[in-house]
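Each chain, written out:
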Amino acid sequence: MRYTSCGLWAAKFEASMNKFLNPKLFDKDVEQIPTRNGYGEGVVELGEKNKDVVVLTGDLKESTRVEEFAKRFPERFIECGVAEQNMMGIAAGLAAAGKIPFVSSYAVFSPGRSWDQLRVSVCYSNLNVNIVGAHTGVSVGPDGVTHQALEDIAITRVLPNMTVVVPCDAIQAKKATQAIAGIPGPCYLRLTREPTSVITALDSFFEIGKAQILAEYGQDAAIVACGPLVYQSLVAAKELEKEGVGVIVVNNHTIKPMDVGMIMKVARNCGVVVTVEEHQVMGGMGSAVAEVLAKNYPVPMEMIGMQDCFGESGQPEELLEKYGMSVAAIKKAVKNVIKRKVPS
Amino acid sequence: MTDEQIKKLEEKANEIRQDIIKMLLAAGSGHSAGPLGMADVFTALYFGQVLKYDPENPWVEDRDRIILSNGHICPVWYATLAHAGFFPHEELLTLRKLNGRLQGHPHYRELPGVENTGGPLGQGLSQAIGHVLAGRMDASTSSAQVPKFRVYCLMSDAELQEGQNWEAIMFAGKNNLHNLTAIIDRNNIQIDGFTEDVMPLENLVNKFTAFNWSVIEINGHDMAEIVAAIGKAKSIFENPTVIIAHTIPGKGVDFMQWKPEWHGKPPKADEAKNALHQLRTLGGKIRSEHE
């Protein structure tokens, strides 16, 4: 039988949940930490372990959370001023000379303004430059469109040699920071400004390129999510289960190289997929999933994300609601995509 | 330098110019004026006892670094590297050919001695700064406290129209990067015409001085001046140095000299023959054994 009853899956999921997830995940007082904090902690630990780790920033020391690194390792901290193109080029030179630079800025500026330097000086040379883009998504909030990066996954994943990682919470951001330092080529780490729910446990497994099933309530649909919206996806899955719809939630934290095996597996088991990301649907994680499935195992898909428009100023929650990335929107997309399921 | 040494360098530059013409003819595309104009500077760097390098061990840690920012003049770099023994001389004729290592614009470490990727203008100086900073960090943890290598960034004049350069110039000036030397090919031309018509660069000396750089102006075809300027730059410990090398675009081939239209095209067969004749006879001053 293709569709297992929700109850059975739910019980199985509850039993295995503590291995990966924050036990307080669905509590009202679940910890709220911005993913950029995880980066800040991770890069300091890296700095202690490896004297080749260097941090650069373009006048954004505090808000990209590299202030502590700057204090601890002033000789390996490089303040570039408001000049992201030069910063990316310097990082390329440092990496060519054997250093492991972390380029820290807002994603709209880097890799936004520094994309040509990223393409030519970094990616074509396949250098170990780690680009850390903070303040992504509409949830940047009141600062408005100019500071809400919604294209960064698209412009980084299109570049050869690039690894693209979108951690779902601060704990995973810290693990990802340490993991990308060990990858010899260029990596992009996507971070967010606002405090978001801590989803994973401190000791839960994380590996670049290995997507994680965080919930398995059934096989009616698969939600493939990345970034802090994994939380909204998990809440949607829990609510859907009460409504008799059982879904799988995948934390697809590595956009490139994508875990093709996992994406194929959930598509095959569920027959329909909903992707969830705080990014333009064109060229983003959902598009990358569609590329994998169109080639290997086409199934109906819905894509949650920015629908080819700019955002605006507002509170993060209001913006997620207005632009269709709320729990309600995810649930609706799941129900819609199930209607499109091809009977087996 | 003795007259004998200078003469040897001039002969080497002439050979490199001939190779540039042959390479461009074989490739059927590429840039003529810039590579010919910079042949003397490249020759001085690699053969004038200026650079610390080892063609047998091209990536040895304490090598001096050449970063070519205006990647389109790479035929002169490739030809010079081949003459210096980094790779076989006959490989020069594979410029821009499929499955070859001599890419149309240089690619980081694809060829021994090619230290950086360059093409889109304005990126080299930042890369050079990265090397300088890495050298400084390593020096700070060593007993000597002095960087093991110097970094030379070769740039065009027109690429100073790119904003990234001024970000980099500002950074280097702020941080007193004294083991960084920029060498600007001041040939006054770019694709659309003369630099001062397209987008004026002057007053370059004042601009660099204002950004806390030392400035040396030289005749970029005078071997003694080139070598002396680089030596002087090494002795300046206060700030980075820019050597503005005044050059003649297309130098050595009369119908290319000073012609912006020769910025981005290769010679045809008859033009190449004419150019090689001029170079072999030193502009008609001597007879060539090839005639």
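Look above for the structure.
Conventions used here
- Residues numbered from 1 in each chain as written.
- Chains lettered and ligands numbered in written order.
- Predicted model: local features only at pLDDT ≥ 70, side-chain atom pairs only at ≥ 80, totals over all residues.
- Helix = DSSP H or I, 4+ residues; strand = E, 2+ residues; numbered from the N terminus.
- Rg over C-alpha atoms; globule rule 2.2 N^0.38 Å.
- Buried ≥ 20, exposed ≤ 12 C-beta atoms within 10 Å, placed from the backbone.
- Contact = placed C-beta atoms within 7 Å.
- Core = buried A, V, L, I, M, F, W, Y, C linked by C-beta atoms within 7 Å.
- Domains from an automatic or database assignment.
- Pairing = 2+ DSSP bridges.
- Axes fitted to C-alpha atoms, helices over the stretch in contact; angles between N-to-C directions.
- Nonpolar A, V, L, I, M, F, W, Y, C, P; charged D, E, K, R; others polar.
- Right-handed = clockwise from strand over helix to strand, strands pointing away.
- Left-handed = near helix turned anticlockwise from the far one by under 90°.
- Expected span 1.5 Å × (residues − 1).

**Overview of the overall build of chain B**
The helix and strand inventory of chain B stands at ten helices and seven strands. Its C-alpha radius of gyration of 18 Å places chain B within 12% of the 19 Å reference for a compact globule of 291 residues. C-alpha extents for chain B along the principal axes are approximately 60 × 45 × 40 Å. The buried share of chain B, taken over its 291 residues, is 51%. Of the contacts formed within chain B by residues at least 6 apart in sequence, a portion of 75% connects residues at least 24 apart.

**Re the nonpolar core**
Judged by nonpolar contacts, the single largest core of 196 residues is most densely connected at A91, A222, I223 and V273 of chain A together with I129 of chain B. Structurally, this core is a two-domain feature, drawing no fewer than three residues from each of domain 1 (6–30 + 203–339) and domain 2 (32–197) of chain A. Among residues more than four places away in sequence, those in contact with A222 of chain A are V247, I248, V250, V266, A267, C270 and V273 of chain A.

**A word on the sheet that holds strand β11 (residues 247–251) of chain A**
Paired through their backbone hydrogen bonds, the strands of a sheet run either parallel or antiparallel. Residue and element names in this part refer to chain A. Pairing within the open sheet is mixed, and its five strands lie in the order β9-β11-β10-β13-β14. Two strands lie at the open edges of the sheet, namely β9 (212–216) and β14 (301–306), each paired on one side alone. Along the sheet, successive strands turn relative to each other by an average axial angle of 20°, direction set aside. As paired elements, strand β10 (residues 221–225) and β11 share five bridges and run parallel to each other. Across the sheet, the residue bridging to A225 is N251, located in β11. Helix α8 (residues 229–242) contacts β9, β10, β11 and β13 (273–280) of the sheet and is inclined by roughly 170° relative to β11.

**Section: the interface of chain A and chain B**
Every contact between the two is made by 23 residues of chain A and, on the other side, 22 residues of chain B. Where the side of chain A that touches chain B is concerned, the elements lending two or more residues are α4 (84–96) and α5 (115–123) of chain A. Counting residues per element, the side of chain A that touches chain B draws most heavily on α4 of chain A, which supplies nine residues. Partitioned by chemical class, the residues of the side of chain A that touches chain B number eleven nonpolar, eight polar and four charged.

**A short note on the pairing of strand β2 (residues 151–156) of chain B**
All names here are of chain B. Burial runs high along β2: six of the six residues are buried. Where burial is concerned, the two faces of β2 agree: the one with V151, C153 and M155 and the one with Y152, L154 and S156 are both buried. Two elements, strand β1 (residues 65–68) and β2, share four bridges in a ladder whose sense is parallel. What sits directly across from R65, in β2, is V151. Across six bridges, the pairing between β2 and strand β3 (residues 180–186) is parallel. Paired with M155 across the bridge in β3 is I184. Regarding the hand of the β-α-β motif, the stretch spanning β2, helix α6 (residues 163–174) and β3 is right-handed.

**A closer look at the pairing of strand β5 (residues 130–134) of chain A**
Residues and elements named next belong to chain A. With respect to burial, β5 is a largely interior element, five of its five residues being buried. Along β5, one buried face is formed by N130, V132 and A134 and the opposite face, lined by I131 and G133, is buried too. Of the pairings in the sheet, the one linking strand β4 (residues 100–106) to β5 comprises five bridges and is parallel in character. In the strand pairing of β5, S105 is matched with G133. With α5 bridging β4 and its parallel neighbour β5, the resulting β-α-β unit is right-handed. Of the strand pairs in this sheet, β5 and strand β7 (residues 187–190) are connected by four bridges, and their pairing is parallel. Residue V132 lies in a different strand from β7, and its bridge partner there is L189.

**What to know about the packing of helix α3 (residues 39–47) of chain B against helix α4 (residues 74–83) of chain B**
Residues and elements named next belong to chain B. Where α3 contacts α4, the two axes come as close as 10 Å, and the packing angle between them is 35°. Taken as a pair, α3 and α4 cross one another with a handedness that is right-handed. On α4, the residues touching A39, F42, T43 and Y46 of α3 are V76, W77 and T80. Tallied by class, residues from the contact of α3 with α4 come to five nonpolar, two polar and no charged.

**Some points on helix α10 (residues 269–280) of chain B**
Spanning twelve residues, α10 of chain B covers 16 Å between terminal C-alpha atoms, matching the ideal 16 Å at 1.5 Å per step. Two residues or fewer after α10 of chain B comes L282 of chain B, characterised by a positive phi angle close to 50°.

**Concerning the sheet that holds β5 of chain A**
All names here are of chain A. Here seven strands make up an open sheet; going across it, the order is β3-β2-β4-β5-β7-β6-β12 and the pairing mixed. The open sheet is flanked by β3 (77–79) and β12 (254–256), the only strands paired with a single partner. Each adjacent strand pair in this sheet contributes to an overall mean axis angle of 20°, direction not counted. Looking at chain direction, strand β6 (residues 163–165) and β7 are connected through three bridges and run parallel. Pairing of V165 across the sheet is with L189, part of β7.

**What to know about unusual backbone geometry**
Residues and elements named next belong to chain A. Here the residue pair S110 and P111 is connected by a cis peptide bond, since its omega of 20° sits within 30 degrees of zero. Among the secondary structure elements, P111 is positioned in the loop between β4 and α5. Residue P257 follows K256 across a cis peptide bond; omega there is 0°. Within the fold, P257 resides in the loop between β12 and α9 (260–270). Although it is not a glycine, H135 adopts a positive phi angle of roughly 60°. Summarising the element assignment, H135 is placed in the loop between β5 and α6 (152–157). A count of 26 C-beta atoms within 10 Å places H135 in the buried class. One non-glycine residue, N161, lies in positive phi territory at about 75°. Inspection of the secondary structure puts N161 in the loop between α6 and β6.

**As for helix α1 (residues 3–27) of chain B**
Given 3.6 residues to a turn, an α-helix orients residues that are three or four positions apart in the same direction. Residues and elements named next belong to chain B. The end-to-end C-alpha distance of α1, which contains 25 residues, comes to 36 Å, matching closely the 36 Å that a straight helix rising 1.5 Å per residue would cover. Burial in α1 covers these residues: L9, K12, A13, I16, R17, Q18, D19, I20, I21, M23, L24 and L25. Packing partners of the buried residues in α1 comprise α2 (33–37), α3, α4, α9 (223–235) and α10. Immediately beyond the C-terminal end of α1, within one or two residues, lies G28, with a positive phi of roughly 80°.

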